[in-house]
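Each chain, letter by letter, is given below.
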Amino acid sequence: MNNPPTILSFFAHPDDETFLAAGTMAYFQERGSKVVVCSATRGEEGEIQEGVPAERATLGEFREEELRNAMRAVGVDDVRFLGYRDSGMAGSETNEAPGAFVQVPAEDAGRAVADLFDDARPDIVIAFSHEGIYLHPDHIASHNAVVAAIELAAADSTRFRPSAVLWASAPREWFLEVWNVEGNMFSEMPFETIEQMGLPMAELTHAVDVSGYREQIDAAFRAHASQFGGGDPFEWMPEHLSTEFARYNFFQQASLPWNGKVELPGVFSPLS
Ligand SMILES: [Zn+2]
């Protein structure tokens, strides 16, 4: 693995990267790493918070600019898009729309991600874990695309092979606790969904303490104003939980077909 390592963060929508990896990216950027962020879609089906001058028809372009600004706040200027269309929440009509990310065969999306590996040559890839945090179909599709890209690279030695792939998630135990909070952001979802959110603490392998990057992370959240209205997305949480959610980025290291699980840079603290 190069030192400093090249980092690729690949997610489904603008804002996913800020929740799951903004502090980790800020850490590596500060140490001279090349950091690339790629979003599969432009988040066309996202919310539009009151007072934000965005319109449904052009929300994709608006959120592209928000992602670029958010990443500027953590020092990252290489922001890319695969150009798929946001599928919207599970079960919504937009799941069926032409070009919706969930309609793209995993092998096609996997080829696009393998091409991204070839071009960005990341030592460490960060992407959604299999449950996509809260089972959003695009989050799961983006995970599956990385799995397909790993299979392609394993079968073709001319493909670039990253040293490590880290599945980003958060402890399921915390989501179960959050569910009990009045006005929680998942209150409309059935409890069976909550029970599948995140990964059990025991399945997470590493955590990065990102508390030293609070200002940059908060600025990145503010840049995603169409989603959070410029406020703190954790403010409705009891303080002990919001502090924990804001303090760590959590990962599960994948075992890769070509090198298993290599040792990660020391900033990734092993759990257990
Ligand atoms: Zn998302």
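Residues numbered from 1 in each chain as written. Predicted model: local features only at pLDDT ≥ 70, side-chain atom pairs only at ≥ 80, totals over all residues.

## A closer look at the packing of helix H1 (residues 16-30) against helix H8 (residues 214-223)
Here is step 1 of the chain: Relative to each other, H1 and H8 sit at 140°, their axes nearing to 9 Å. Between H1 and H8, the angle falls in the class oblique. Considering how the two elements wind past one another, H1 and H8 form a crossing that is right-handed. Contacts between H1 and H8 pair Thr18, Ala22, Gly23 and Ala26 from the former with Gln216, Ile217, Ala220 and Phe221 from the latter. (Axes fitted to C-alpha atoms, helices over the stretch in contact; angles between N-to-C directions. Helix = DSSP H or I, 4+ residues; strand = E, 2+ residues; numbered from the N terminus. Parallel < 35°, antiparallel > 145°, perpendicular 65-115°, else oblique. Left-handed = near helix turned anticlockwise from the far one by under 90°. Contact = placed C-beta atoms within 7 Å.)

## Concerning the environment of Ile48
Here is step 1 of the chain: Among the structural elements, Ile48 can be located in the loop between strand E2 (35-41) and helix H2 (59-73).
Here is step 2 of the chain: Along the sequence, Ile48 and Ser226 sit 178 residues apart, while their C-alpha atoms lie 4.9 Å from each other.
Here is step 3 of the chain: Apart from residues lying up to four places away in sequence, Ile48 is in contact with Ala54, Arg56, Leu59 and Ser226.

## Re the environment of Arg31
Here is step 1 of the chain: Relative to the helices and strands, Arg31 resides in the loop between H1 and E2.
Here is step 2 of the chain: By C-beta crowding, Arg31 is classed as exposed, having 12 other C-beta atoms within 10 Å.
Here is step 3 of the chain: Between the C-alpha atom of Arg31 and that of Phe175, which follows or precedes it by 144 residues, the distance is 32 Å. (Buried ≥ 20, exposed ≤ 12 C-beta atoms within 10 Å, placed from the backbone.)

## Observations concerning the sheet that holds strand E1 (residues 7-11)
Here is step 1 of the chain: Strand order in the open sheet formed by eight strands is E3-E2-E1-E4-E5-E7-E6-E8, and the pairing between neighbours is mixed. Strands with a single pairing partner mark the edges of an open sheet, and in this sheet they are strand E3 (78-84) and strand E8 (269-270).
Here is step 2 of the chain: Where strand E6 (residues 206-209) and E8 come together, two bridges link them in antiparallel fashion. From the neighbouring strand, Ala207 faces E8, where its bridge partner is Ser269.
Here is step 3 of the chain: Lying on the sheet, H1 is in contact with E1, E2, strand E4 (124-128), strand E5 (164-169), E6 and strand E7 (248-253); it crosses E1 at an angle near 175°. (Pairing = 2+ DSSP bridges.)

## A word on the environment of Trp167
Here is step 1 of the chain: Structurally, the position occupied by Trp167 is in strand E5.
Here is step 2 of the chain: Look at Trp167 and you get buried, because 24 C-beta atoms sit within 10 Å.
Here is step 3 of the chain: When the C-alpha atoms of Trp167 and Ala12 are compared, they prove to be 13 Å apart, with 155 residues separating the residues in sequence.
Here is step 4 of the chain: In this view, Trp167 contacts Ala127, Phe128, Ser129, Phe251, Gln252 and Ala254; residues no more than four positions away in its chain are not counted.

## Focus: the pairing of E6
Here is step 1 of the chain: Examined bridge by bridge, E6 and E7 share four bridges and lie antiparallel to one another. Bridge pairing links Val208 to Asn249 in E7.

## Details of the packing of H2 against H8
Here is step 1 of the chain: Contact geometry for H2 and H8: axes closest at 8 Å, N-to-C directions at 170°. Relative to H8, the element H2 lies roughly antiparallel. Within the contact between the two elements, H2 uses Glu66, Asn69, Ala70 and Ala73 and H8 uses Gln216, Ala219, Ala220 and Ala223.
Here is step 2 of the chain: For the contact of H2 with H8, the per-class residue count stands at five nonpolar, two polar and one charged. (Nonpolar A, V, L, I, M, F, W, Y, C, P; charged D, E, K, R; others polar.)

## Section: unusual backbone geometry
Here is step 1 of the chain: Pro4 follows Asn3 through a cis peptide bond whose omega is 0°.
Here is step 2 of the chain: Within the fold, Pro4 resides in the segment before E1.
Here is step 3 of the chain: One non-glycine residue, Arg121, adopts positive backbone phi at about 50°.
Here is step 4 of the chain: Within the fold, Arg121 resides in the loop between helix H3 (106-120) and E4.
Here is step 5 of the chain: Despite not being glycine, Leu135 shows a phi value in the positive range, around 65°.
Here is step 6 of the chain: Residue position: Leu135 is located in helix H4 (residues 132-135).

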